[in-house]
Amino acid sequence: MDYTFQGGIYRNVSLHSVDKLAVRMLDYAGPGVYLRQRNVTASSATVDVTARIFNNHGSSRSVLVRAVVNDADGNVVADRSSTPRTVSANSGIDVVQTLTITTPRLWNGLTDPHPYKTSVEIRDAAAGAVTDVVTEPLGLHAFGLDPDTGFSLNGKHLSLHGVNLHQDRMGDGWAISNADHEQDFALIREIGASAVRMAH
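All of the points below concern the structure found in this document. (Residues numbered from 1 in each chain as written. Predicted model: local features only at pLDDT ≥ 70, side-chain atom pairs only at ≥ 80, totals over all residues. Heavy atoms only, no water.)

Applying the stated criterion to the full structure yields two aromatic pairs. Look at Y10 and W174: their rings are 5.2 Å apart centre to centre, the planes differ by 65 degrees, and that puts the pair in the edge-to-face class. Residue Y10 is located in the segment before β1 (21–23), and its partner W174 is located in the loop between β13 (162–165) and α1 (178–190); the two are separated by 164 residues in the primary sequence. The interplanar angle of 20 degrees and the centroid separation of 6.2 Å between the aromatic rings of F143 and F151 together place this pair among those described as stacked. (Phe/Tyr/Trp six-rings, centres within 6.5 Å; stacked < 30°, edge-to-face > 60°. Helix = DSSP H or I, 4+ residues; strand = E, 2+ residues; numbered from the N terminus.)

Relative to the elements of secondary structure, L99 occurs in strand β7 (residues 91–102). Here L99 falls in the buried class, since its relative accessible area comes to 3%. The spatial distance from the C-alpha of L99 to the C-alpha of A89 is 29 Å, given a sequence separation of ten residues. For L99, the contacting residues outside a window of four places in its chain are A45, T46, V47, V49, A67, V69, A78, D79 and R80. (Buried < 20%, exposed > 50% of the residue type's maximum accessible area, 1.4 Å probe, protein only. Contact = heavy atoms within 4.5 Å.)

Topologically, H114 is positioned in the loop between β7 and β8 (116–124). Of the polar contacts made by the side chain of H114, one reaches the side chain of R105; its length is 3.5 Å. Residue contacts for H114: discarding those within four places in its chain leaves D71, A72, R105, W107, L138 and G139. (Polar contact = N/O pair within 3.5 Å; in protein donor to acceptor, adjacent residues only side chain to side chain.)

Here the focus is a nonpolar patch on the surface. A grouping of V18, M25 and L26 is seen on the molecular surface, where their side chains present a nonpolar patch of about 310 Å² in accessible area. If you trace the backbone, L26 turns up in the loop between β1 and β2 (33–38). For L26, a relative accessible area of 73% puts it in the exposed group. (Patch = residues over 30% accessible without salt bridge, like charges linked within 9 Å, V, L, I, M, F, W, Y side chains within 5 Å. Areas by Shrake-Rupley, 256 points an atom, 1.4 Å probe, with all protein chains shown as cover. Salt bridge = Lys/Arg side-chain N within 4 Å of Asp/Glu carboxyl O.)

Across five bridges, the pairing between strand β4 (residues 61–70) and strand β5 (residues 76–81) is antiparallel. When the bridges of β5 are listed, A67 appears paired with R80. Linking two consecutive strands that pair antiparallel, namely β4 and β5, is a turn of five residues; a positive phi of about 90 degrees is found at G74 within it. (Pairing = 2+ DSSP bridges.)

Here it is, written out as structure tokens:
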């Protein structure tokens, strides 16, 4: 088999300028904010929000971390603030907060892809100023795998039929545009696929 490897920049590039007291930008290319869902049902959903904070100042800072979950209409459905935490100079800490959303609208694939957003706000406690805000998408759902009944989403069986998706196109290689991605997924939906395996 022939595998062609392209190099260089082949995806969108963003430049971020942040305060010295901010969500960690160099967390193995991750966003520095991580969401873990637990106990998701039609009556409530629990989400652990981990914020990795880094202080690039030459002295310690007292930091407050606020986590907010908004629904698709922008309404606040969960809100929690931490107690002040001290971050030493040129070092970081992880702040974990647990939020509960009552009667959540569950994400249900293409049938009802209801999006929530979770924002983490970093505040310098001494200065009283917000120094950083990072927002991550959140789809509240529960899934399971059973050897006899297969895959379930939110307690209901979901038949998975999928394709293997490569990231290359004739004449473009790996430098695929957003329009190319949209066309790929339109074709995948057209054939009735409900799952995608990323090839490489």
